[in-house]
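A structural walkthrough
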Amino acid sequence: MTVRMGLIRKKVDWNFDQFNSYWRNSHGALARRAPNLREYWQNLVVDRLQRGIDFPRGPWEFDGFSQLWFDDASQSKHAFQESGMAAELIKDEQHFLGDLHIVTAEPSVVIPTPSKEQRSALLKRMSIIKRLPSMSEEDFRREWKIHGDFVRKMSGVSAYRQNVIVGRERIKGQPCGYDDLPIDGIVELWFKDVPTLEAAFGSAAGQETMAHAKSFLSEITAFVVAERQIL
């Protein structure tokens, strides 16, 4: 499967509650009608602290991450560029969003996610990662796969998914190059709670994991999110 992610910022004159309500109820009801959409999740940013990691933070400031799952990239392209509702979606996004970047990712499950009911009780952290300037995309992918083995050794990690970026649109509908949207991957990690997260990264296995991260990453921009399934 492929996942289309919206990296979104609310309009500056919308407060948190207005944005949250409109995104969930009005825009969520519209976007879930996209043809061939398998799943639709919204991730509302509730915390922007690095929490447990000593790592340079990137420049990214987002209020939410959308995740729309399709069988393949061609179905995603059809839904948001060629279908009858594409223009309607853009009009609605312009109503409540101040900024929107789109990335297409290939997800890889390292530690399986639990059921929807179990996930609702967990803390979720999403992180945007950028590779070292000296590292090729191929080398990054190899090292990130190896990195998964380090994370598996950390106690307290309930689930872990890697999303390798394979397509970028700094402006929706306009594919761009890496230099225009220098994001290599998006991490999804689930923990029981904040103390469990901090204990995991503070452990010997956690320190070893972050030492490996510094061998191939230049930035990690972490967000704690409240996730919800729309479809």
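Residues numbered from 1 in each chain as written. Predicted model: local features only at pLDDT ≥ 70, side-chain atom pairs only at ≥ 80, totals over all residues. Heavy atoms only, no water.

1. Considerations on the UniProt feature "domain: EthD" (unreviewed entry) in the protein
Under the UniProt annotation, "domain: EthD" (unreviewed entry) lies at residues 15–97 and 133–217. In residues 15–97, helix accounts for 45% and strand for 20%; the two terminal C-alpha atoms are 12 Å from one another. The distance from the first to the last C-alpha atom of residues 133–217 is 9 Å, and the span holds 41% helix and 25% strand. (UniProt positions renumbered as here; feature names shortened; annotations may be inferred. Helix = DSSP H or I, 4+ residues; strand = E, 2+ residues; numbered from the N terminus.)

2. Points about the packing of helix H6 (residues 194–202) against helix H7 (residues 204–213)
For the pair H6 and H7, the least separation of the axes is 4 Å and the interaxial angle reads 70 degrees. By the angle between their directions, the pair H6 and H7 is classed as roughly perpendicular. Each of Ala200, Phe201 and Gly202 in H6 lies in contact with H7, whose residues at this interface are Ala204, Gly206, Gln207 and Met210. Among the residues making up the contact of H6 with H7, the classes are represented as 4 nonpolar, 3 polar and no charged. (Axes fitted to C-alpha atoms, helices over the stretch in contact; angles between N-to-C directions. Parallel < 35°, antiparallel > 145°, perpendicular 65-115°, else oblique. Contact = heavy atoms within 4.5 Å. Nonpolar A, V, L, I, M, F, W, Y, C, P; charged D, E, K, R; others polar.)

3. Focus on the nonpolar core
Core analysis: the biggest nonpolar cluster contains 27 residues, and Trp144, Val157, Tyr160, Leu189, Phe191, Phe201 and Leu217 have the highest contact counts within it. Counting only elements with at least two residues in this core, the list comes to strand S4 (97–111), strand S5 (123–131), helix H5 (137–152), strand S6 (157–169), strand S7 (185–191), H6, H7 and strand S8 (217–229). If we skip the residues at most four places from it in the chain, tyrosine 160 touches Ser108, Val109, Val110, Ile111, Trp144, His147, Gly148, Val151, Val187, Glu188, Leu189 and Trp190. Ranked by size, the runner-up nonpolar core spans 22 residues in total, among them Leu44, Ala79, Met85 and Leu97. (Core = buried A, V, L, I, M, F, W, Y, C linked by side-chain atoms within 4.5 Å. Buried < 20%, exposed > 50% of the residue type's maximum accessible area, 1.4 Å probe, protein only.)

4. What about the layout of surface pockets?
Any empty space left between the atoms is revealed when a probe the size of a water molecule rolls over them. One number sums up the size of the largest pocket: a volume of about 220 Å³. Of all elements in the fold, only helix H3 (86–96) and S4 reach the threshold of two or more residues within the lining of the largest pocket. Tallying contributions element by element places S4 first for the lining of the largest pocket, with 4 residues. In the lining of the largest pocket, the residues fall into 4 nonpolar, 2 polar and 4 charged. (1 Å grid on protein atoms, 1.4 Å probe; cavity = no way out; pocket = protein on both sides within 12 Å on 5 of 7 lines; lining within 4 Å. Points joined across faces, edges and corners; volume = space filled by probe spheres on them.)

5. So, the sheet that holds S5
With respect to topology, 8 strands assemble into a closed barrel ordered S1-S3-S2-S8-S5-S7-S6-S4, the strand pairing being antiparallel. Neighbour-to-neighbour, the strand axes of this sheet turn through a mean angle of 35 degrees, independent of strand direction. Of the strand pairs in this sheet, S6 and S7 are connected by 7 bridges, and their pairing is antiparallel. Among the inter-strand pairings, alanine 159 is bridged to a residue of S7, identified as tryptophan 190. Set on the sheet, helix H2 (residues 73–82) makes contact with strand S1 (2–10), strand S3 (64–70) and S6; between it and S3 the angle comes to about 120 degrees. Contacts between H5 and the sheet are confined to S4, S5, S6, S7 and S8, with S6 contributing the most and set at about 170 degrees to the helix. (Pairing = 2+ DSSP bridges.)

6. Quick word on the pattern of salt bridges
Evaluation of the coordinates by the stated rule reveals 17 salt bridges. The salt bridge involving glutamate 137 is made with arginine 141; its shortest N-O contact spans 3.0 Å. Remark: arginine 141 and glutamate 137 occur in helix H5; sequence separation between them is 4 residues, near one turn of the helix. Assessed through its relative accessible area of 36%, glutamate 137 is described here as partly exposed. The class for arginine 141 is partly exposed, based on a relative accessible area of 33%. For glutamate 143, the salt bridge identified is with arginine 142, shortest N-O distance 3.6 Å. (Salt bridge = Lys/Arg side-chain N within 4 Å of Asp/Glu carboxyl O.)

7. So, the pairing of S6
Counting buried residues in S6 gives 10 out of 13 residues, a clear majority hidden from the surface. When S4 meets S6, the two strands line up antiparallel, connected through 9 bridges. Bridging across to S6, alanine 105 finds its partner in isoleucine 165.

8. Structural notes on the packing of aromatic side chains
This structure, assessed with the given rule, holds 13 aromatic pairs. Aromatic pair phenylalanine 62 and phenylalanine 223: ring centres 6.4 Å apart, planes at 40 degrees, arrangement tilted. Residue phenylalanine 62 is located in the loop between strand S2 (39–47) and S3, and its partner phenylalanine 223 is located in strand S8; the two are separated by 161 residues in the primary sequence. No difference in accessibility class separates phenylalanine 62 from phenylalanine 223, as the two residues are buried. Here the aromatic residues Trp14, Phe19, Tyr22, Trp23 and Phe96 are joined through ring pairs into a cluster of three or more. Looking at arginine 119, its charged tip hangs above the ring of tryptophan 41, at a distance of 4.0 Å from the centre. In this structure, arginine 131 is placed above the aromatic ring of tyrosine 178, and the distance from its NZ or CZ to the ring centre is 4.4 Å. (Phe/Tyr/Trp six-rings, centres within 6.5 Å; stacked < 30°, edge-to-face > 60°. Lys NZ or Arg CZ within 6 Å of the ring centre and 35° of its normal.)

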